[in-house]
Amino acid sequence: MDIKSLFASFRRRLLLESLVRTSVISLTAGAAAVFFVSFAGHIARTAPHTGLLWGVSGGVFAVTFALVFFIGMRPTEKKVAQRIDRIGLQERIGTMLEYRADPTEIARIQRTDAVHHLGRVLPEQMPWNFRRKEFVLCLVSLCLAVLMLLLPYDFRLFGVTVRADAGEQAQIVRELIEELRENLRQSELEKAEREALEELIRELEEELREEAASRLEQAAEMQEAAQDLQEMLEEGITRDEIGEALRQYDLTEKLGEAIRDGDSEAVSEALDELENALNEDPSKTGELADTLRRALGEAGTDAEDPLHAALEEFASDLEKIEEQELEGDAFSGELSEAFDEAEEAIQSALERQAALEEEIGRMQEALERSKDEMLDNEPGEKPGEGEGEGEMPGEMPGEMPGDGMPGGEPPQDGMQQGDGTGSGEAGGDDLYERMTEPIYDPYSGSVAYGEVFASYYAEYLDALESGDVPQELQEIMDSYFDALNEG
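Before going into details, it helps to say that this report is about the structure given with it.

Parameters at a glance
- Residues numbered from 1 in each chain as written.
- Predicted model: local features only at pLDDT ≥ 70, side-chain atom pairs only at ≥ 80, totals over all residues.
- Heavy atoms only, no water.
- Core = buried A, V, L, I, M, F, W, Y, C linked by side-chain atoms within 4.5 Å.
- Buried < 20%, exposed > 50% of the residue type's maximum accessible area, 1.4 Å probe, protein only.
- Helix = DSSP H or I, 4+ residues; strand = E, 2+ residues; numbered from the N terminus.
- Contact = heavy atoms within 4.5 Å.
- Salt bridge = Lys/Arg side-chain N within 4 Å of Asp/Glu carboxyl O.
- Patch = residues over 30% accessible without salt bridge, like charges linked within 9 Å, V, L, I, M, F, W, Y side chains within 5 Å.
- Areas by Shrake-Rupley, 256 points an atom, 1.4 Å probe, with all protein chains shown as cover.
- Lys, Arg positive; Asp, Glu negative; His and termini not counted.
- Charge placed at Lys NZ, Arg CZ, Asp CG, Glu CD.

Our next topic: the nonpolar core. Counting 33 residues, the largest nonpolar core has Ile259, Leu318, Phe339 and Ile346 as its most contacted members. Elements with a minimum of two residues in this core: α10 (239-247), α11 (253-261), α12 (264-280), α13 (284-299), α14 (306-324) and α15 (328-374). It is α15 that provides the largest number of residues to this core, a total of 8 residues. The contact partners of Ile259, leaving out residues within four places of it in the chain, are Arg239, Gly243, Leu246, Val267, Leu307, Leu311, Ile346 and Leu350. The next biggest cluster of nonpolar side chains, apart from the first, holds 28 residues, and it includes Ile177, Leu200, Ala226 and Ile237.

See the structure below:
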């Protein structure tokens with residue numbers, strides 16, 4: 001007896017039912033997985049990557065489908081027989097399946113009767129066994145997943161209000177990154193500096209778009225990026241250290257001053273004077289080489305720095321000329337060639353540093369402007385612009401600075417106003433100098449509270465990444481900055 005042929009049409013109907021039910025259950029599981037991943041992202045206030053969401057939902061769907069179908073839903077011969085008997089065949093098909101190998105006459109008669117009755121029913125008479133609760137649960141799961149995905153990721157769960165300006169934040173970030181990259185494309189930086197700045201922009205973009213969520217967090221990331229740029233600038237601009245070291249020696253004083261100021265014409269003039277001095281007194285050749293090496297050692301700059309390398313090479317060329325003990329035109333020719341090469345290398349290094357300084361300045365201005373937009377601050381003047389010399393922005397001439405406090409307010413700690421013992425009395429300027437706010441924006445001068453909080457938060461994030469914040473303090477600090485952000 002060919003059971004498969006007898007059950008074929010019924011099996012196909014049951015298979016379709018099983019596939020639909022399995023798909024619904026798997027879709028429910030996949031949507032639930034997306035909901036929980038997005039929920040975790042909202043708790044961490046970090047938007048999950050789209051690829052992660054697709055991967056999790058697809059993986060859970062596939063695993064659930066395989067388990068549910070092959071373990072519980074696959075239409076076996078026994079299940080098909082049971083479903084056919086429910087049409088009204090009174091367990092004839094189940095009994096036939098159970099005794100299909102029985103050689104007795106009574107079993108043969110029963111099988112013949114079962115086949116006869118089976119031929120009188122159609123697969124369409126077998127009712128679908130879909131369950132309403134499975135479809136309802138799937139719909140609920142999908143709705144929750146979609147709702148959690150549409151909810152802004154700076155939405156504070158557990159009863160805290162939603163920020164309505166997530167789109168504006170994203171626009172500020174997008175415009176900032178585009179501006180930084182466009183400026184970098186138009187710059188004339190060397191490959192090494194360009195790659196370093198490209199990496200910094202890439203990291204900043206990841207921080208702003210994936211990790212930071214609130215305005216305060218994003219402003220703190222911008223502040224931290226500006227600090228990284230300042231460190232890069234201090235490391236890459238070596239003309240100050242080298243120029244100052246050269247100025248300490250009479251022989252190279254003018255050259256050091258020209259290098260420190262980045263003045264190309266002054267560098268050419270200083271080198272011409274040195275060349276003339278050596279032509280008049282060749283014995284100074286070795287002295288100049290020694291002076292250059294001592295100054296480089298005192299400057300403490302990296303030997304791979306282009307300006308350092310140019311002066312080091314210049315000193316080596318002078319030592320070689322001295323060792324050759326040349327005279328007359330031969331000496332003058334070698335000396336002229338060495339000075340020409342040195343001038344070209346020094347000028348190139350100074351131009352390279354000037355280009356780096358200019359580009360980092362533009363990037364810092366863009367970061368500062370975007371940070372002001374993120375904190376809803378009015379762009380402030382830099383210290384000294386439009387004010388009397390030595391006065392802070394926003395203060396009247398002759399007024400005392402607010403001790404680094406935002407808004408120019410005088411400190412309250414340990415001082416009383418109006419009793420003759422406050423500012424302007426004992427301690428005077430020295431007191432204010434010693435009580436200057438340690439977190440102070442170097443570009444905006446006296447700044448709004450949001451600026452100071454962003455600076456604090458940037459320092460906190462840096463300490464957190466380096467593992468310097470104990471767990472119990474981390475909880476306190478997180479609550480503190482959350483309260484500031486909500487305010």
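From this point, things continue past the structure.
Take the pattern of salt bridges next. Between side chains of opposite charge, a pair can form when the charged atoms approach closely. A full pass over the atoms with the stated rule returns 18 salt bridges. With a shortest N-O distance of 2.8 Å, Glu134 and Arg21 are connected by a salt bridge. With Glu134 in helix α6 (residues 132-150) and Arg21 in helix α1 (residues 3-44), this pair connects stretches of sequence that are 113 residues apart. Pair check on accessibility: Glu134 and Arg21 agree, each one buried. Within this structure, Glu244, Arg247, Arg260 and Asp261 form a network of salt bridges that share partners.

A cluster of acidic residues, Asp263, Glu265, Glu269, Asp272, Glu313, Glu334, Glu337, Asp340, Glu341 and Glu344, forms a negative patch on the protein surface. Mapped by element, the contributors of at least two residues to the negative patch are α12 and α15. For the negative patch, the leading source of residues is α15, giving 5 residues. Looking at where Glu337 falls in the secondary structure, it is placed in helix α15.

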